[in-house]
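Listed below are the residues making up each chain.
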Amino acid sequence: MSLAENIQKVKVEIAAAAREVGRVPEEITLVAATKTQSDETIRAAIAAGITACGENRVQEMTAHLDADAYVGVQLHFIGHLQTNKVNKVVGRVDLIESVDSLRLLEAIEKQAAKLDLVQDILIEVNVGGEESKSGVRADQVETLARKALELPHVRLRGLMAIPPVAGEKGNRGFFREMYQLYVDIKQKMVDNETDINCLSMGMSADYADAVREGATLVRVGTALFGPRPVQAPVD
């Protein structure tokens with residue numbers, strides 16, 4: 001199948017999953033995870049209807065920005081962000097999905113203040129408690145969320161998670177747990193309640209289940225672009 005056909009297929013499946021549980025398909029944004037893709041492929045995806053791209057690596061993102069590859073769409077940073085690269089991301093993306101520590105949150109605030117802007121963020125949650133993954137524990141989310149509310153140049157928009165690799169039962173249990181955490185945080189953050197409307201979870205193998213359990217953003221790469229090319233060393 002072509003890239004355009006893959007995009008249409010994923011959109012149809014997202015819409016079907018949404019309607020299955022009484023949701024409106026327009027509530028869900030398909031974020032194309034463009035890791036390792038070329039400028040030309042990104043432009044082709046946008047031409048085929050993609051409205052948001054997500055990048056994992058600062059170096060790749062910067063190169064694509066310099067080439068104007070993301071023109072006309074939202075840009076999300078979805079990978080682990082080191083504090084020493086915050087200045088290359090803040091103000092250049094619409095949403096940083098992977099805020100996983102107080103140190104990173106404060107670095108984003110400092111850079112956003114320098115640029116006199118407000119940076120939208122999501123708090124990344126390590127919902128499976130995996131040592132190999134970034135993200136705060138579920139019981140740490142409220143503390144970090146309340147800190148975000150205190151910062152004038154950061155706007156908390158919601159939560160993000162990358163659950164463990166699905167077993168026979170899939171990831172719906174983790175997605176359900178994330179949705180409950182999202183609802184809980186939204187209710188507790190009264191001063192910021194209207195801004196909190198993003199729950200980013202679900203990737204190529206499980207985005208339909210994520211939609212069924214309340215995701216508003218799904219990050220899909222392989223199902224759109226096929227197997228990724230061999231990666232260069234991590235920047």
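The preceding data block contains the structure.
Here the structure is a predicted model, which is why all the values come from computation and not from measurement.

(A) Quick peek at the overall build of the chain. From N to C terminus, the chain includes 8 helices and 8 strands. Compactness check: the chain gives a C-alpha radius of gyration of 17 Å against a globular reference of 18 Å for 235 residues, within 12% of the reference. Referenced to the eigenvectors of the C-alpha coordinate spread, the extents of the chain come out at roughly 50 × 40 × 30 Å. Counting all 235 residues of the chain, 50% fall into the buried class. For the chain, restricting intrachain contacts to residue pairs at least 6 apart in sequence, the fraction spanning at least 24 positions comes to 59%.

(B) Molecular detail of the state of the cysteines. With the rule as written, the count across this model stands at 0 disulfides. Note on Cys53: no disulfide assigned, nearest cysteine sulfur contributed by Cys198 at a separation of 16 Å. Its relative accessible area of 9% is what places Cys198 among the buried residues.

(C) Summary view of the nonpolar core. Among the nonpolar cores identified, the biggest contains 65 residues, and Ile96, Ile108, Leu159, Met178, Val218 and Leu224 are the most heavily contacted of them. Residues contacting Leu159, with those up to four places away along its chain left out, are Leu122, Ile123, Val125, Val141, Met178, Leu181, Tyr182, Cys198, Leu199 and Ser200. Core analysis: the second largest hydrophobic core is formed by 7 residues, Ala52, Leu122, Cys198 and Leu217 among them.

(D) Looking closely at the layout of surface pockets. Estimated volume of the largest pocket: approximately 840 Å³. Approximately 190 Å³ is the volume found for the second largest pocket. Considering the residues around the second largest pocket, the lining is formed by Glu27, Thr29, Gln74, His76, Asp94, Leu95, Asp120, Arg157, Asn197, Cys198, Thr216 and Leu217. Split into classes, the residues belonging to the lining of the second largest pocket amount to 3 nonpolar, 5 polar and 4 charged.

(E) Geometry of the packing of helix 5 (residues 141-150) against helix 6 (residues 172-188). Contact geometry of helix 5 with helix 6 gives a least axis separation of 11 Å together with a crossing angle of 40°. Between helix 5 and helix 6, the angle is such that the two are oblique. When the axes of helix 5 and helix 6 are compared, the crossing they make is right-handed. Judged by residue contacts, Val141, Glu142, Ala145 and Arg146 of helix 5 engage Leu181, Ile185 and Lys188 from helix 6. Broken down by class, the residue content of the contact of helix 5 with helix 6 amounts to 4 nonpolar, no polar and 3 charged.

(F) Broad picture of the side chain of Thr216. With respect to the element layout, Thr216 can be found in the loop between helix 7 (207-212) and strand 8 (217-220). Residue classification places Thr216 among the buried residues on the basis of a relative accessible area of 13%. Every residue in contact with Thr216, bar those within four places of it in the chain, is listed here: Arg23, Glu27, Ile28, Thr29, Asn197, Cys198 and Leu199.

(G) Looking closely at the pairing of strand 4 (residues 95-99). Counting buried positions along strand 4 yields 5 of 5 residues, so the element is predominantly enclosed. The sheet contact formed by strand 3 (residues 74-77) and strand 4 spans 2 bridges and is parallel. Counterpart to His76 in the pairing with strand 4 is Leu95. With 2 bridges connecting them, strand 4 and strand 5 (residues 119-125) associate as parallel partners. Across the sheet, Val99 pairs through a bridge with Ile123, a residue of strand 5. Tracing the backbone out of strand 4, into helix 4 (residues 102-115) and back to the parallel element strand 5 gives a crossover that is right-handed.

(H) The arrangement of the packing of helix 4 against helix 5 in detail. Interhelical geometry of helix 4 versus helix 5 gives an angle of 15° and a closest axis separation of 11 Å. With respect to helix 5, the element helix 4 is oriented roughly parallel. Handedness of the helix 4/helix 5 crossing: right-handed. Here Leu102, Leu105 and Glu106 of helix 4 come into contact with helix 5, specifically with Leu144, Lys147 and Ala148. The class makeup of the residues in the contact of helix 4 with helix 5 is 4 nonpolar, no polar and 2 charged.

Basis of the calculations
- Residues numbered from 1 in each chain as written.
- Predicted model: local features only at pLDDT ≥ 70, side-chain atom pairs only at ≥ 80, totals over all residues.
- Heavy atoms only, no water.
- Helix = DSSP H or I, 4+ residues; strand = E, 2+ residues; numbered from the N terminus.
- Rg over C-alpha atoms; globule rule 2.2 N^0.38 Å.
- Buried < 20%, exposed > 50% of the residue type's maximum accessible area, 1.4 Å probe, protein only.
- Contact = heavy atoms within 4.5 Å.
- Disulfide = S-S within 2.5 Å.
- Core = buried A, V, L, I, M, F, W, Y, C linked by side-chain atoms within 4.5 Å.
- 1 Å grid on protein atoms, 1.4 Å probe; cavity = no way out; pocket = protein on both sides within 12 Å on 5 of 7 lines; lining within 4 Å.
- Points joined across faces, edges and corners; volume = space filled by probe spheres on them.
- Nonpolar A, V, L, I, M, F, W, Y, C, P; charged D, E, K, R; others polar.
- Axes fitted to C-alpha atoms, helices over the stretch in contact; angles between N-to-C directions.
- Parallel < 35°, antiparallel > 145°, perpendicular 65-115°, else oblique.
- Left-handed = near helix turned anticlockwise from the far one by under 90°.
- Pairing = 2+ DSSP bridges.
- Right-handed = clockwise from strand over helix to strand, strands pointing away.

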